[in-house]
Structure formats: structure tokens, C-alpha cells
Amino acid sequence: MSEAYTFTNLSPIEFESLCRDLIGEHLGCHFEGFFEGADMGIDGRFKSASGDIILQAKRYTGSFSTILSSLKKEAKKLAELNPKRYVLATSLALTPHKKDKIAAVLNHPSVSTTDIRGLTELNE
């Protein structure tokens, strides 16, 4: 792919909606969406008998340190939610090292670097 779409023209709520659609299609499930506002760390949710899948979408134009700071707050919410699987989608370009850092900050068994999707993966 020669040029990546950066998602900067989307509002945060539009980015969340796009991520629910893209990730839901990829996983073969339909994520619930919720009213804009305090969402307890849930931008999308798929409930099943085997456990919840939580989707968190973060549209950032800043530095990687900005998302890490934000995710430190999300880690507390994640621990309370305790989903079976957690998917993070971000508009930032990620490297394997950055994905490892994100997983370490979130520090929850539902988090896998495979489920941390950055700019490149969203464009694919």
C-alpha cells in the first residue's frame, strides 16, 4: 500500500463507529455501540455466553506517549470489565515494540498484541 489513510478527518465518535464495523467484520461479530459520553472504556461490545469482547478505539494525532498516558487510565477500567478478549484500535502507526509497550501498560490477560490494531492494519 503506497499511502495510508490517517483518519484525521473523522471525529472520535466516527472513528469508533468505523472501528466497530471494521473489527466486527474481521472477527465475524457485531459490536454494540453506545451513546457518546462516559463509556467505562467500552467503544464496542460483543456479548456471548463464552465471555465479552470489548473494543476500545483511540483516534490520535499526537505522539505515542500520549496514547500510553491515556491507556494507563484505561487499564483500570479494563481490570473492572474483565473481558474474555480486548481489542484496541488506534489511528497511530505501531511497531512490534510499541504494541508490546501497550500490552504491558494494559496488563490484562485479555490483551494480545494481535488484537492491538494500528494505522497499517486498519488500512489493510
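What you see is a predicted model; the values in this text were computed from it and never measured.

Asker: Would you mind going over the packing of aromatic side chains with me for this structure?
Answerer: The geometry of an aromatic ring pair is captured by two quantities: the separation of the ring centres and the angle between the planes. Evaluated as defined, the whole model comprises 2 aromatic pairs. Here the aromatic cluster, defined as three or more aromatic residues joined through ring pairs, consists of Tyr5, Phe7 and Phe15.

Asker: Looking at this structure, how should I read the state of the cysteines?
Answerer: Such a bond, covalent and formed between the sulfur atoms of two cysteines, is termed a disulfide. Counted by the stated rule, this structure contains 0 disulfides. In this structure cysteine 19 is a free cysteine whose sulfur lies 13 Å from that of cysteine 29, the closest cysteine sulfur available. Cysteine 29 sits in the buried class, given a relative accessible area of 14%.

Asker: Could you clarify how one ought to interpret helix H2 (residues 64-81) in this entry?
Answerer: With 18 residues, H2 ought to run about 26 Å at 1.5 Å a step, and its terminal C-alpha atoms sit 25 Å apart, in line with that. The largest bend along H2 measures about 30° and falls at lysine 73. Of all the positions in H2, only Phe64, Ile67, Leu68, Ser70, Leu71, Glu74, Ala75 and Leu78 are classed as buried. Looking at the packing, one finds that the buried side of H2 touches strand E2 (53-58), strand E3 (85-90), helix H3 (96-106) and strand E4 (111-117). After H2 finishes, the residue asparagine 82 shows a positive phi value of roughly 50°.

Criteria and cut-off values
- Residue positions are counted from 1 within each chain, in the order its sequence is given.
- A pLDDT threshold of at least 70 governs which residues receive local features in this predicted model, and a stricter bar of 80 or more applies before side-chain atom pairs are shown or counted, although totals over entire chains, interfaces and linings include all residues.
- As a rule here, side-chain values come from all non-hydrogen atoms in the structure, and water together with hydrogens is ignored.
- Aromatic contacts are taken between Phe, Tyr and Trp rings whose centres are within 6.5 Å, Trp giving its six-membered ring; a plane angle under 30 degrees counts as stacked, one over 60 as edge-to-face, and the others as tilted.
- When two cysteine sulfur atoms lie within 2.5 Å, the pair is treated as a disulfide.
- Think of it in three bands: residues with accessible area under 20% of the maximum for their type are buried, residues over 50% are exposed, and the middle band is partly exposed, with areas taken using a 1.4 Å probe on protein chains only.
- Numbered from the N terminus, helices here are DSSP runs of H or I no shorter than four residues, and strands are runs of E no shorter than two.
- To estimate how far a helix should extend, the number of its residues minus one is multiplied by 1.5 Å.
- To get the bend at any residue, fit one axis to the seven residues that end at it and another to the seven that begin at it, then take the angle between the two axes.
- Contacts are assigned to residue pairs that have any heavy atoms within 4.5 Å of one another.

Everything listed is a geometric property; what it means functionally is a separate question.
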